Amino acid sequence: MAAKEWKTFNASGKKRVVVTKELPGDRWLKILARAGCRVEYGTATRILKVGEIKSAIGDKCDGVIGQLTENWGKTLFSALKKAGGRAYSNYAVGYNNVDVDAATKLGIPVGNTPGVLTDTTAEMAVALTFSAARRVAEADVFMRAGQYEGWLPTLYLGELLKRKTVGVIGAGRIGAAYAKMMVEGFKMDFIYYDLYQNMGLEKYIREYSKFLKSQDEDPVKCTRAKTAEEVLKKADVVSLHPLLDPTTHHLMNARRLKMMKSNAILVNASRGPVIDEVALVAHCKKYPNFKVGLDVFEDEPKMKPGLNKCNNVVMVPHIASATDWTREGMAILAASNVAGVLTGRPSWTDQDDVIPFLGSKAPKACPSIVNAKELKLDSYKG
Ligand code: DGY
């Protein structure tokens, strides 16, 4: 990457931190500067190659904030270690692009940015659900093409979701937030599959159901399915929120797609490879009433052939977390992770509650270090 594609902040800082992309807001820069860091950040919009990041790390680099589009494996962590590096944070909650074991072996703490993406991402999953159900993108293209000749009883018929069944695969933070929005907003029955029971979510839906009864309305059901297949067969909408790992790679393959109702809606705002995209294209062609909302793609930024021709798929370019508040929050958390490690701060223990880091009295800790236990980092005591 050409020198002109890098900018520097706080040039006199003694520690050198490389941030592979410019981040929103300016608080992240101030956090790093206060920790004595000179910050060098990349301004190129293209995805950086491993070799380019390696040269940016150079001979001396104390820490890095990297992106989910970069392959943070042994090569980069070894380069960082060799340059004296002691801290890495992904600018993302997901870290399937990071070989955490490789970093741990080299003694490098790895941070991520949980908590600030939860509702933002869930809201996008809801937006995709309804855009798909009500054919918003298709109708938008039709309008812009000047094809609207007047109201018709059969123009762009879609699906009514109220009182139907919403399914979630992976009921962690984001899956649970989506479930609450859909169940409460549209009085839908809920079915989910997750290796772990989400007791808090189940209680929430039970209480909501009681509230509905108190209003003389029909209750809603909450079911924990024994298998993902059960969710696929029963739900009218299925939103995918698992982590991407070898067990969830191509979780949605041709066989499982076929189990879904032919007019169901499938939403993915997790990671692209959770869906076999070639199988999805074939399924969408065969079942025109099947609808899909995608934020992520198997070979991002590319799409598998034919996906862009499927009118029953609405898609956005991995922007589920793209709000000012969230992206600035992610920058604050990533900077606090790196600054915290470099100034010897302990690690915060509750990754479900990192919001205090966004306030003016941020705790003196690293908000979220995923290998804190393995590296035996001190825990924050308050
Ligand atoms: C993440 O943080 O993992 C998201 O995919 C970014 O939108």
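Criteria and cut-off values
Residues numbered from 1 in each chain as written. Predicted model: local features only at pLDDT ≥ 70, side-chain atom pairs only at ≥ 80, totals over all residues. Heavy atoms only, no water. Helix = DSSP H or I, 4+ residues; strand = E, 2+ residues; numbered from the N terminus. Rg over C-alpha atoms; globule rule 2.2 N^0.38 Å. Buried < 20%, exposed > 50% of the residue type's maximum accessible area, 1.4 Å probe, protein only. Contact = heavy atoms within 4.5 Å. Areas by Shrake-Rupley, 256 points an atom, 1.4 Å probe, with all protein chains shown as cover. Lys, Arg positive; Asp, Glu negative; His and termini not counted. Charge placed at Lys NZ, Arg CZ, Asp CG, Glu CD. Pairing = 2+ DSSP bridges. Axes fitted to C-alpha atoms, helices over the stretch in contact; angles between N-to-C directions. Domains from an automatic or database assignment. Buried area = accessible area lost by both parts, 1.4 Å probe. Patch = residues over 30% accessible without salt bridge, like charges linked within 9 Å, V, L, I, M, F, W, Y side chains within 5 Å. Salt bridge = Lys/Arg side-chain N within 4 Å of Asp/Glu carboxyl O. Near = heavy atom within 4 Å. Polar contact = N/O pair within 3.5 Å; in protein donor to acceptor, adjacent residues only side chain to side chain. 1 Å grid on protein atoms, 1.4 Å probe; cavity = no way out; pocket = protein on both sides within 12 Å on 5 of 7 lines; lining within 4 Å. Points joined across faces, edges and corners; volume = space filled by probe spheres on them. Nonpolar A, V, L, I, M, F, W, Y, C, P; charged D, E, K, R; others polar.

This paragraph deals with the overall build of the protein. For the protein, the count of helices and strands is twelve helices and 13 strands. Against the globule reference of 21 Å for 382 residues, the protein gives a C-alpha radius of gyration of 23 Å, in line with a compact fold. Taking the principal axes of the C-alpha coordinates as reference, the protein spans close to 70 × 50 × 35 Å. Across the 382 residues that make up the protein, the buried fraction comes to 51%. Sequence-distant contacts in the protein: of pairs separated by 6 or more residues, those separated by 24 or more amount to 66%. About 18700 Å² of surface is accessible on the protein, with carbon and sulfur atoms providing 53% of the total. When the 55 positive and 41 negative side-chain charges of the protein are each reduced to one mean point, those points stand 4 Å apart.

The next subject is the sheet that holds strand 4 (residues 63-66). In spatial order, the strands read 1-3-2-4-5-6; together these six strands make up an open sheet with mixed pairing. In the strand order of this sheet, the two ends are held by strand 1 (6-9) and strand 6 (110-111), each with one partner. Of the pairings in the sheet, the one linking strand 2 (residues 15-19) to strand 4 comprises three bridges and is parallel in character. Bridging from a neighbouring strand, Val 18 pairs with Val 64 of strand 4. Helix 12 (residues 324-342) contacts strand 2, strand 3 (37-42), strand 4, strand 5 (87-90) and strand 6 of the sheet and is inclined by roughly 170° relative to strand 5.

The seven strands lie next to each other as 9-8-7-10-11-12-13, forming an open sheet whose pairing is parallel. Every interior strand has two partners, whereas the edge strands, strand 9 (222-224) and strand 13 (313-315), have only one. The sheet shows a mean angle of 15° between the axes of neighbouring strands, direction not considered. Pairing of strand 12 (residues 291-294) with strand 13, which is carried by three bridges, proceeds in the parallel orientation. Across the sheet, the residue bridging to Gly 293 is Val 314, located in strand 13. Against the sheet, helix 7 (residues 173-186) contacts strand 7 (165-169), strand 8 (189-193) and strand 10 (237-240), and its axis sits at roughly 175° relative to strand 7.

Okay, the domain arrangement of the protein next. It is common to give the size of an interface as the accessible area lost on bringing the parts into contact. Assigned domains within the protein: domain 1 (3-116 + 322-358) and domain 2 (118-315). A C-alpha centroid distance of 33 Å is found between domain 1 and domain 2. Listed as interface residues are 13 residues of domain 1 and, on the opposing side, six residues of domain 2. Three residues, Asn 96, Gly 115 and Asp 352, lead the burial of domain 1 against domain 2; their summed loss comes to 43% of the area buried on that side.

Taken together, the side chains of Met 143, Tyr 148 and Trp 151 define a hydrophobic patch exposed on the protein surface, amounting to about 410 Å² of accessible area. Mapped onto the elements of the fold, Met 143 is located in helix 6 (residues 136-144). A relative accessible area of 48% places Met 143 in the partly exposed class.

So, on to unusual backbone geometry. A cis amide bond links Glu 300 with the next residue in sequence, Pro 301, at an omega value of 5°. In this structure, Pro 301 sits in the loop between strand 12 and strand 13. Even without being glycine, Arg 163 reaches a positive phi, approximately 70°. Inspection of the secondary structure puts Arg 163 in the loop between helix 6 and strand 7. Despite not being glycine, His 250 has its phi angle at roughly 55°, a positive value. Structurally, His 250 can be placed in the loop between strand 10 and helix 10 (254-259).

Attention now moves to the pattern of salt bridges. Taken as a whole and judged by the stated rule, the model has 19 salt bridges. Residue Glu 217 pairs with Arg 163 through a salt bridge whose shortest N-O separation is 3.5 Å. A residue pair is termed long-range when its members are at least 10 positions apart, and Glu 217 in the loop between helix 8 (199-214) and strand 9 and Arg 163 in the loop between helix 6 and strand 7 qualify at 54 residues. With a relative accessible area of 31%, Glu 217 lands in the partly exposed category. Put simply, Lys 210 and Glu 207 hold a salt bridge, and the shortest N to O gap is 3.3 Å. One end of the pair is Lys 210 and the other is Glu 207, both in helix 8 and three residues apart, which spans about a single turn. Members of the salt-bridge network, linked through shared partners, are Glu 5, Arg 46 and Glu 52.

The subject of this paragraph is the site of the ligand. Taken together, the residues surrounding the ligand are Leu 68, Ala 92, Val 93, Gly 94, Leu 117, Arg 271, His 318 and Ser 321. Take Gly 94: an N or O atom from its main chain is 2.9 Å from an oxygen atom of the ligand. Contact distances for the ligand include 2.7 Å between an oxygen atom and a side-chain N or O atom of Arg 271. Protein coverage of the free-state accessible area of the ligand, which is 230 Å², stands at 92%.

A volume near 330 Å³ is recorded for the second largest pocket. For the second largest pocket, the lining is made up of 17 residues, of which Ile 31, Arg 34, Arg 345, Ala 362 and Pro 363 are closest to its centre. Broken down by secondary-structure element, the contributors of at least two residues to the lining of the second largest pocket are helix 1 (27-34) and helix 12. Its residues placed into classes, the lining of the second largest pocket shows seven nonpolar, five polar and five charged.

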